[in-house]
Amino acid sequence: MPATEPGKIRNIAVVGHRGVGKTSLVEALLHQAGKTNRLGTIEQGTTVSDWDDDEHRRQMSLSGTLSHLEWQGRKINLVDCPGDAGFQADTYASLRVVEGALVVLSGVMGVEVNSSRVWARAEEYGLSRVVFVNMLDRERADFFRVLEAARTQLSDRCVAIQLPIGAEHELGGVVDLLHMCAYMDPAGGKESGPQPIPDSMADQVQEYREKLLDAVVETNEDLMARYLEGEELPAADVADALKGAVARDEIYPVGCGVATKNLGTTAVLDLLVEGVPSPARKGTTIEFGDAKQAVFVFKTIADPFAGRISCFRVLAGPVTGDTTLVDPRTHAKERLGQILLLQGKENAPVDALGVGDLGAVAKLKDVVTGDVLVDHEVPVEPPHIDFPQPVMSFAVSPKAKGDEEKMAAGLRRLSEEDPTLQMRRDPQTGEQLLSGLSQMQVEVAVDRLHSRFHVDVELHPPRVPYKETIRKEARARHRYKKQTGGRGQFGDCEIVIEPMPNGEEEGPTYEFVDKIVGGVISQSYRPAVDKGVREAMEHGDLAGAPVYGIRVTLVDGMEHAVDSSEMAFKIAGSLAFKDAYQKADPMLLEPIMELEVTVPDDTVGTVNGDLNSRRGRLHGMEPAGGMTTIRAEVPMAEILTYSQALTSMTGGRGDYSMGFLRYEEVPAHVAQKIIDETKKEREAAKT
Ligand SMILES: Nc1nc2c(ncn2[C@@H]2O[C@H](COP(=O)(O)OP(=O)(O)OP(=O)(O)O)[C@@H](O)[C@H]2O)c(=O)[nH]1
Ligand SMILES: [Mg+2]
């Protein structure tokens, strides 16, 4: 089978807030295009996209899934992206490899927070966007309200291209305003061909057809002139102009329907083919130098049987199984091997894959998500995918002693699959930390450690990464001296420590200044003092937290011709620092997080009150369409287990995200508690 020409491909990411029906819509599109014999459902766990056990159990998408179909002689690649805020890695990476986004909104809930977020990302990448208002069969669903919300909250260039016939449980079909026809509810079967528009809708159709025309001629000077002269514009010209406007990202057509009944899919498929530009028309912004063959890996699947599966977009090609590419990041050469087209969990081998197409290969050794592979070593800068930063961490430990290595290996594989899942050892607390975007994301990782890697682990709330610093300058001298037969130990140094002005910065800032004059300590021993100070700074005296924001100046000292050694100076440096530190008015710092919470209007009071009790500082509130977004700064220590609290305050309708902002001094009464607790722990550890 030859590779599909780039001009005949459409790459679409299906995105939107959690649970708006993206997976169901992909299922319907595949069914309408004849890829499946029956419409699978989320409830029965029979959709093409949500094929993983964990997805079935939770009835939600946890990772991006590739599928493809043919429509009007074009190949449409679909990436069904998860909507949950905890599983956005694939969503963001997928947006790098498509020309268009199909943004699904709930006909009941309208524009929800994650839809706005993903819209902004699509905007950044200049993607064409088609909006689909789904779930119009549900109670309280209202296409026109959601259309208005899309126009005010997403873009005023959103314009209806379909209208519902009837509403809620009486929804009978949709009108296609571009082709001026109707499609009747196929009740889960295939949508039949175009039907006449019901007469009763003539006025409304007229009104929205005019709005559509206005928007279209706005983008096309020639049409505008003819329109103003009162010419009746031929349907084909309008359709062409609309396609151009969608492709140029100037109009966002809004369609509608019911995914679970397969209603509205014909018109949407037409729109994707006609509106979204092909890779031939749009090209890619990902660099591949002068490579004749190149691919970009946008997703990695950690399959326990097939090993690592890398999903990629062909940047230059075609590529075949015999193609050998090099990864400029590692300089490793790899033969692609069997190229696969993915259809949910199924895969089918293909001989070749052309430019712009999406496919996968198994068992590339050292390739990770985000790598660009090229046919010869050219200096390429892989595209930066701005993954969201983890907002919460748990300490993990294996249930069985001796499983540490197995756990670490499993977690490494899982974080290859999802780069927003991060694992690190906290040098401060010694705990193995697993960080992610939501508690559920971390819990899913734990489930997968069990199911895929056969290791059981426990989660504990993590410790807050406190830091320490000083308020004022102090000086101390320490002489370390030991005389026990034979050769002794001798090191003597005097240091001055002072706060560094950039104490606001994250990460340990530290400077060592050598002001020894007259060689009172030899050059070779001075770095040992520095080393000793650094070691002492790893555990501050207040709460055992690392010390930062300090300049240490070595001003004086003494050495012994026979007994001095690096070790002795290191110890002297360490002890001098401890002395000076106590005199320098040390203080405890805590991480402050920037928090954005979106909650239903009627829960704002409760949520704000709760933030107050968590030492939060409110920065602003923005109501929009029944939901309010609250912005606040909150100490990390107070918000480690926020997700449960928010769920119970909002009945599961709240959503939040947060990111690290800066370190700040812990208020005295809180600090004292932490210091006392540390003391107790230290004493307990001694006994
Ligand atoms: N009544 C009705 N229910 C729908 C419709 N579309 C989806 N659903 C149901 O809504 C729920 C969520 O649908 P999904 O397709 O999983 O939604 P999703 O956007 O893929 O969800 P995530 O991937 O988890 O973000 C399921 O129970 C579906 O059966 C629709 O048009 N009408
Ligand atoms: Mg889904």
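Residues numbered from 1 in each chain as written. Chains lettered and ligands numbered in written order. Predicted model: local features only at pLDDT ≥ 70, side-chain atom pairs only at ≥ 80, totals over all residues. Heavy atoms only, no water.

## Quick word on the pattern of salt bridges
Per the counting criterion, the structure on display carries 48 salt bridges. Between aspartate 54 and arginine 57 there is a salt bridge, with the nearest N and O atoms lying 3.3 Å from each other. One end of the pair, aspartate 54, and the other, arginine 57, are both in helix 2 (residues 53–58), three residues apart, so they sit about a helical turn from each other. The exposure class of aspartate 54 is buried, given its relative accessible area of 4%. Linked by salt bridges that have partners in common, Asp52, Asp54, Arg57, Arg58, Glu417, Asp447, Arg448 and Arg452 make up one network. (Salt bridge = Lys/Arg side-chain N within 4 Å of Asp/Glu carboxyl O. Helix = DSSP H or I, 4+ residues; strand = E, 2+ residues; numbered from the N terminus. Buried < 20%, exposed > 50% of the residue type's maximum accessible area, 1.4 Å probe, protein only.)

## Digging into the site of ligand 1
In the vicinity of ligand 1 lie 20 residues, with Arg18, Lys22, Ser24, Glu43 and Ser61 positioned nearest. Interatomic distance of 2.6 Å between a side-chain N/O atom of serine 24 and an oxygen atom of ligand 1. At 2.8 Å, a side-chain N or O of serine 61 approaches an oxygen atom of ligand 1. Compared with its free state, where it exposes 650 Å², ligand 1 has 90% of that area covered by protein. Ranked by the residues each element gives to the shell around ligand 1, the list is headed by helix 1 (residues 22–32), at three residues. Each residue belonging to the shell around ligand 1 can be placed in one class, and the counts come to six nonpolar, nine polar and five charged. (Near = heavy atom within 4 Å. Polar contact = N/O pair within 3.5 Å; in protein donor to acceptor, adjacent residues only side chain to side chain. Areas by Shrake-Rupley, 256 points an atom, 1.4 Å probe, with all protein chains shown as cover. Nonpolar A, V, L, I, M, F, W, Y, C, P; charged D, E, K, R; others polar.)

## Focus on the coordination of the magnesium ion (ligand 2)
Of the protein atoms, only Thr23 (OG1) and Ser61 (OG) coordinate the magnesium ion (ligand 2), at distances of 2.0 Å. A residue pair is termed long-range when its members are at least 10 positions apart, and threonine 23 in helix 1 and serine 61 in the loop between helix 2 and strand 2 (65–71) qualify at 38 residues. Looking at threonine 23, the relative accessible area reads 6%, which means it is buried. The class for serine 61 is buried, based on a relative accessible area of 9%. (Donors = N, O, S within 2.8 Å, 3.2 Å for Na, K, Ca; no water.)

## Some words on the nonpolar core
Ranked by size, the top nonpolar core spans 110 residues in total, and within it Ile76, Leu102, Phe143 and Leu163 carry the most contacts. Core analysis: the second largest hydrophobic core is formed by 45 residues, Tyr466, Leu611, Met636 and Ala645 among them. (Core = buried A, V, L, I, M, F, W, Y, C linked by side-chain atoms within 4.5 Å.)

## Focus: the packing of aromatic side chains
Within a pair of aromatic rings, the relevant descriptors are the distance that separates the centres and the angle that separates the planes. Under the defined criterion, the tally for this structure stands at seven aromatic pairs. Seen in terms of ring centroids, tyrosine 525 and phenylalanine 569 are 5.0 Å apart; in terms of plane orientation they differ by 20°. Their pairing is stacked. Of this pair, tyrosine 525 sits in the loop between strand 28 (510–514) and helix 13 (526–537) while phenylalanine 569 sits in helix 14 (residues 566–583), and the two are 44 residues apart along the sequence. Accessibility assignment for this pair places tyrosine 525 and phenylalanine 569 in one class, buried. Among the aromatic side chains, those forming a connected cluster through ring pairs are Phe143, Phe144 and Tyr208. Seen from the ring of tyrosine 125, arginine 96 lies directly overhead, with NZ or CZ sitting 4.8 Å from the centre. A cation sits over an aromatic face here: lysine 467 above tyrosine 548, 4.8 Å from the ring centre. (Phe/Tyr/Trp six-rings, centres within 6.5 Å; stacked < 30°, edge-to-face > 60°. Lys NZ or Arg CZ within 6 Å of the ring centre and 35° of its normal.)

## Side note on the sheet that holds strand 5 (residues 128–134)
Taken in spatial order, the seven strands make up an open sheet running 2-3-1-4-5-10-6, and their pairing is mixed. Two strands lie at the open edges of the sheet, namely strand 2 and strand 6 (158–160), each paired on one side alone. Looking at each pair of strands side by side, their axes are set apart by 30° on average, direction ignored. Bridge count for strand 1 (residues 9–15) against strand 3 (residues 74–80) is six bridges, and the pairing is parallel. (Pairing = 2+ DSSP bridges. Axes fitted to C-alpha atoms, helices over the stretch in contact; angles between N-to-C directions.)

## Here we look at the packing of helix 15 (residues 604–613) against helix 16 (residues 642–650)
Between two packed helices, what matters for the description is the angle formed by their axes and the separation of those axes. At a minimum axis distance of 10 Å, the contact between helix 15 and helix 16 shows a crossing angle of 150°. In terms of orientation, helix 15 and helix 16 fall into the roughly antiparallel class. For helix 15 against helix 16, the interelement crossing comes out right-handed. Note on element contacts: helix 16 touches helix 15 through Tyr642, Leu646, Met649 and Thr650, opposite Thr606, Val607, Asp610 and Leu611. (Parallel < 35°, antiparallel > 145°, perpendicular 65-115°, else oblique. Left-handed = near helix turned anticlockwise from the far one by under 90°. Contact = heavy atoms within 4.5 Å.)

## Comments concerning the pairing of strand 21 (residues 392–398)
Buried residues dominate strand 21, accounting for six of its seven residues. In this structure, strand 21 lies alongside strand 23 (residues 432–436), joined through four bridges in antiparallel fashion. Along strand 23, the bridge assignment pairs serine 393 with serine 435. Looking at chain direction, strand 21 and strand 24 (residues 457–460) are connected through four bridges and run antiparallel. Pairing of valine 396 across the sheet is with leucine 459, part of strand 24.

## Quick notes on empty space enclosed by the protein
Throughout the structure, instances matching the rule amount to six cavities of 30 Å³ or more. Residue assignment for the lining of the largest cavity shows that the elements contributing at least two residues are helix 3 (89–94), helix 11 (404–417) and helix 12 (439–453). For the lining of the largest cavity, the element with the highest residue contribution is helix 12, accounting for four residues. Grouping the amino acids of the lining of the largest cavity by side-chain chemistry returns seven nonpolar, three polar and five charged. (1 Å grid on protein atoms, 1.4 Å probe; cavity = no way out; pocket = protein on both sides within 12 Å on 5 of 7 lines; lining within 4 Å. Points joined across faces, edges and corners; volume = space filled by probe spheres on them.)

## Some points on unusual backbone geometry
Residue glycine 317 is joined to proline 318 through a cis peptide bond whose omega torsion reads 10°. Within the secondary structure, proline 318 is located in the loop between strand 12 (307–316) and strand 13 (319–320). At arginine 140, a residue that is not glycine, the phi angle is positive and equals roughly 65°. With respect to the secondary-structure elements, arginine 140 resides in the loop between strand 5 and helix 5 (143–153). When its relative accessible area of 58% is taken as the criterion, arginine 140 is described as exposed.

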